[in-house]
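Structural features, examined
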Amino acid sequence: MNRSFTYSLKVWLMLVIVAPLLQLVLSWFIIQNPQISLVDEIRKDYIIFADMILLVTIPFAFIFWMAVYYLSKKRDPLYIKTGLTTAILIITVLSFFELLFERKVSAISSVAVIIFPYSITGIAGIWLHKLEPEMVEEEERA
């Protein structure tokens, strides 16, 4: 299997599995409702959040894979990871400011709970998973 596809799949699945959990935990800490336990909140909403993210991020997964695939042919893994991290940070900042200023949201924490878990998980996935250079794959075929 193509290494760029495997790498992209690992990063995307980490995003789909971990980010909704992180979002639920952050929202629970911000809301601070003593009648609802964190475990009950996760049991109740995790599958719904994960399913929504799974469906919504399928185009992201394809674009991410194509970017990794084409960049890995010409660049080293450190350059690719730095570029992908920069892209996620730019998208995060732009979406944060768009939600904050265009929609006139009064609470920064409500916007942060929506955006930051996904960008943090995406960046962590980029750096935690190993991306082999394209030359290693060609050497293994020979």
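Structure first, text after, so check above.
Keep in mind it's a predicted model, so treat the numbers as computed, not measured.

Here we come to the overall build of the protein chain. When helices and strands are tallied, the protein chain shows six helices and zero strands. Split by element, the accessible area of the protein chain, about 9100 Å² in all, is 71% carbon and sulfur.

Further remarks concern the packing of aromatic side chains. Tallied over the entire structure, the rule returns six aromatic pairs. With a centroid separation of 5.4 Å and an interplanar angle of 80°, the aromatic rings of Phe 5 and Trp 65 are classed as edge-to-face. In this pair, Phe 5 is assigned in helix H1 (residues 3–31) and Trp 65 in helix H3 (residues 58–74), connecting sequence segments 60 residues apart. Judged by its relative accessible area of 31%, Phe 5 falls in the partly exposed class. The interplanar angle of 75° and the centroid separation of 5.2 Å between the aromatic rings of Tyr 69 and Tyr 70 together place this pair among those described as edge-to-face. In this structure Tyr 69 comes out as partly exposed when scored by relative accessible area, which is 22%. Note on Tyr 70: relative accessible area 49%, which makes it partly exposed. Across from the ring centre of Tyr 79, 4.4 Å away, lies the NZ or CZ of Arg 75, which sits over that ring.

Of note, Ser 4 is situated in helix H1. Given the relative accessible area of 2%, Ser 4 is considered buried. Reaching out from Ser 4, the side chain makes a polar contact with the side chain of Asn 2 at a distance of 3.0 Å.

Here we take up the packing of H1 against helix H2 (residues 38–56). Two elements in contact, H1 and H2, have axes whose closest approach is 9 Å; the angle formed by their N-to-C orientations is 140°. Taken together, H1 and H2 sit at an angle that is classed as oblique. At the point where H1 passes H2, the crossing takes the right-handed sense. Along the contact surface, H1 presents Trp 12, Val 16, Ile 17, Pro 20, Leu 21, Gln 23, Leu 24, Val 25 and Trp 28, while H2 presents Leu 38, Glu 41, Ile 42, Asp 45, Tyr 46, Phe 49, Ala 50, Ile 53 and Leu 54. Along the lines of polarity and charge, the residues of the contact of H1 with H2 split into 15 nonpolar, one polar and two charged.

Turning our eyes to something else, we now look at the nonpolar core. Residues Tyr 7, Val 11, Phe 64, Val 68, Ile 80, Leu 84, Ile 88, Ile 123, Ile 126 and Leu 131 constitute the largest nonpolar core, which totals ten residues. Taken together, the elements giving at least two residues each to this core come down to H1, H3, helix H4 (77–102) and helix H5 (108–128). Looking at this core, the element that brings in the most residues is H4, giving three residues. Excluding its chain neighbours within four sequence positions, the residues that come into contact with Ile 123 are Thr 85, Ile 88 and Leu 89. In terms of nonpolar packing, the next biggest core, distinct from the first, is built from seven residues, Trp 12, Leu 15, Val 16 and Ala 61 among them.

Quick notes on the rules
For every chain, the first residue of the written sequence is number 1, and numbering continues from 1 along that sequence. With pLDDT at 70 or above as the cut-off, local features in this predicted model cover only qualifying residues; side-chain atom pairs require 80 or more to be listed or tallied, and sums for whole chains, interfaces and linings still use all residues. Values reported for side chains reflect all heavy atoms of the structure, with hydrogen atoms and water molecules removed beforehand. The numbering of helices and of strands both runs from the N terminus, where a helix is a DSSP run of H or I of at least 4 residues and a strand a run of E of at least 2. Per-residue and other accessible areas were derived by the Shrake-Rupley procedure at a 1.4 Å probe size, with only the shown protein chains allowed to occlude residues. Think of it this way: a Phe, Tyr or Trp ring, Trp meaning its six-membered ring, pairs with another when their centres are within 6.5 Å, and the plane angle makes it stacked under 30 degrees, edge-to-face over 60, tilted otherwise. For every residue, the accessible area obtained with a 1.4 Å probe (protein chains only) is divided by the maximum for its type, and the residue is called buried under 20%, exposed over 50%, and partly exposed between those limits. Only lysine NZ and arginine CZ atoms are considered, and such an atom sits over a ring when it is within 6 Å of the ring centre and within 35 degrees of the ring normal. A 3.5 Å cut-off defines polar contacts: any pair of N or O atoms within that distance qualifies, except that in protein one atom must be a possible hydrogen donor and the other a possible acceptor, and neighbouring residues in sequence count only when both atoms are side-chain atoms. Inter-axis angles, ranging from 0 to 180 degrees, are taken between N-to-C directions of lines fitted to C-alpha atoms, where helices are fitted over the stretch in contact. To sort the angles, those under 35 degrees are grouped as roughly parallel, those over 145 as roughly antiparallel, those from 65 to 115 as roughly perpendicular, and the leftovers as oblique. Handedness of a crossing is defined here by the sense of rotation of the near helix relative to the far one, left-handed for an anticlockwise turn of less than a right angle and right-handed for a clockwise turn. Working rule for contacts: check all heavy atoms of both residues, and any pair within 4.5 Å makes them a contact. Ten residues, namely Ala, Val, Leu, Ile, Met, Phe, Trp, Tyr, Cys and Pro, are considered nonpolar, four, namely Asp, Glu, Lys and Arg, are considered charged, and the remaining ones, Gly among them, are considered polar. Definition of nonpolar core: a set of buried residues of the types Ala, Val, Leu, Ile, Met, Phe, Trp, Tyr and Cys, connected through side-chain atoms within 4.5 Å.

Distances and angles like these do not, on their own, reveal function.
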